[in-house]
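Chains, contacts and geometry: an overview
One-letter residues, chain by chain:
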Amino acid sequence: HTVHTDISELDPRTGYKLKTIPDGEVASVRLGNWGVGGFAERISYFYTVDEDMSILLLKYAVVLENPNHSEAEQPRFTLKLLDENGKMINPTCGSADFIPSKNTEKWQKYGSVEWKDWTSLGLNLEDYIGQTIQIQLATYDCSPTGHYGYAYFTLDCAAAKISGLSC
């Protein structure tokens with residue numbers, strides 16, 4: 001994993017079109033790399049949901065090479081939000097599984113690379129106050145070992161209150 005702190009840095013594998021840090025953030029983490037070899041990388045972050053900070057804010061961008069292998073052999077990216085029992089939190093919004101040629105039609109393309117620009121996910125975790133949840137992201141190279149997949153992400157929490165409003 002690498003930490004990116006240069007807010008003007010652009011990813012060369014996307015034709016220098018993808019920012020490695022989304023607007024409004026000061027850093028991001030890159031999970032995986034553009035090396036090949038059939039590797040997979042996963043990071044799990046455990047967060048005890050605090051009643052004062054119960055909104056999860058996750059931003060992510062994905063870069064996958066598309067070698068047009070079978071679906072099972074393709075590079076991929078997965079995202080899962082799990083409760084303390086390992087059960088999926090909100091399967092509609094709290095998970096993702098991207099595989100080139102399967103569900104990347106609207107992504108940007110640069111040569112054999114398909115990439116998803118920064119996407120924001122906000123999830124209210126008030127039902128999980130006091131529980132320790134798991135935020136799990138994973139990237140996979142292709143299984144024949146010649147193509148890569150990686151992703152960038154930022155993670156934050158916020159209060160579930162609106163402040164600073166006046167009439």
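The model shown is predicted, which means the values in this text are computed figures rather than measured ones. (Residues numbered from 1 in each chain as written. Predicted model: local features only at pLDDT ≥ 70, side-chain atom pairs only at ≥ 80, totals over all residues. Heavy atoms only, no water.)

1. Observations concerning the nonpolar core
Our working definition: Put simply, a nonpolar core is a bunch of buried Ala, Val, Leu, Ile, Met, Phe, Trp, Tyr and Cys residues held in one set by side-chain atoms that sit within 4.5 Å of each other. Burial classes follow relative accessibility: with a 1.4 Å probe on protein chains only, a residue under 20% of its type's maximum area counts as buried, one over 50% as exposed, and anything between as partly exposed. Numbering of helices and strands runs from the N terminus; a helix is a DSSP stretch of H or I covering at least four residues, while a strand is a stretch of E covering at least two. Whether two residues are in contact is decided by their heavy atoms: any pair within 4.5 Å suffices.
With 25 residues, the main nonpolar core has Tyr 60, Phe 77, Leu 125 and Ile 133 as its most contacted residues. At the level of secondary structure, the elements contributing two or more residues to this core comprise β6 (55-65), β7 (76-82), β8 (95-98), β10 (113-124), β11 (132-140) and β12 (149-158). For this core, the leading source of residues is β6, giving five residues. With sequence-adjacent residues up to four places away left out, Tyr 60 is seen in contact with Phe 77, Leu 79, Ala 96, Phe 98, Lys 116, Asp 117, Trp 118, Thr 119, Tyr 152 and Phe 153. Among the nonpolar cores identified, the runner-up in size contains nine residues, and Leu 18, Val 63, Tyr 148 and Tyr 150 belong to it.

2. Details of the packing of aromatic side chains
Here is the rule: Centres within 6.5 Å are what make two rings of Phe, Tyr or Trp a pair, Trp counting through its six-membered ring; a difference in plane orientation under 30 degrees is then read as stacked, over 60 as edge-to-face, and the rest as tilted. As a reminder, the over-ring test applies to NZ of lysine and CZ of arginine, requiring each to be within 6 Å of the ring centre and within 35 degrees of the ring normal.
If you walk through the whole model with that rule in mind, you get seven aromatic pairs. Pairing Phe 98 with Trp 107 gives two aromatic rings, centres 5.2 Å apart and planes at 65 degrees, and the pair type is edge-to-face. Comparing Phe 98 with Trp 107 shows no difference in burial state: the two are buried. Geometrically, the ring pair formed by Trp 118 and Tyr 152 is tilted, given 6.4 Å between the ring centres and 45 degrees between the ring planes. With Trp 118 in strand β10 and Tyr 152 in strand β12, the pair connects residues that are 34 residues apart, well separated along the chain. Given the relative accessible area of 18%, Trp 118 is considered buried. Put simply, the rings of Trp 34, Trp 118, Tyr 148, Tyr 150 and Tyr 152 touch in pairs and so form one group of aromatic residues. Geometry around Trp 34 places Arg 13 over its ring, the cationic atom sitting 3.5 Å from the centre.

3. So, the environment of Ala 72
Relative to the helices and strands, Ala 72 resides in the loop between β6 and β7. Here the alpha-carbon distance between Ala 72 and Ser 143, two residues 71 residues apart in the chain, equals 8.1 Å.

4. Let's talk about the pattern of salt bridges
Keep this limit in mind: The salt bridge definition used is simple: a Lys or Arg side-chain nitrogen within 4 Å of an Asp or Glu carboxyl oxygen.
Inspection of the entire model under this criterion finds four salt bridges. The shortest N-O distance in the salt bridge between Lys 59 and Glu 25 comes to 3.1 Å. Here the residue Lys 59 occupies a position in strand β6, and Glu 25 occupies one in the loop between β3 (18-19) and β4 (28-33), the gap between them amounting to 34 residues. Glu 25 gets classed as partly exposed once you look at its relative accessible area, which sits at 25%. Where Glu 71 meets Lys 102, a salt bridge forms, and the shortest distance between an N and an O atom there is 3.6 Å. Of this pair, Glu 71 sits in the loop between β6 and β7 while Lys 102 sits in the loop between β8 and β9 (108-110), placing them 31 residues apart in sequence. The partly exposed category is assigned to Glu 71, whose relative accessible area is 45%.

That's the geometry; what it means functionally is another story.
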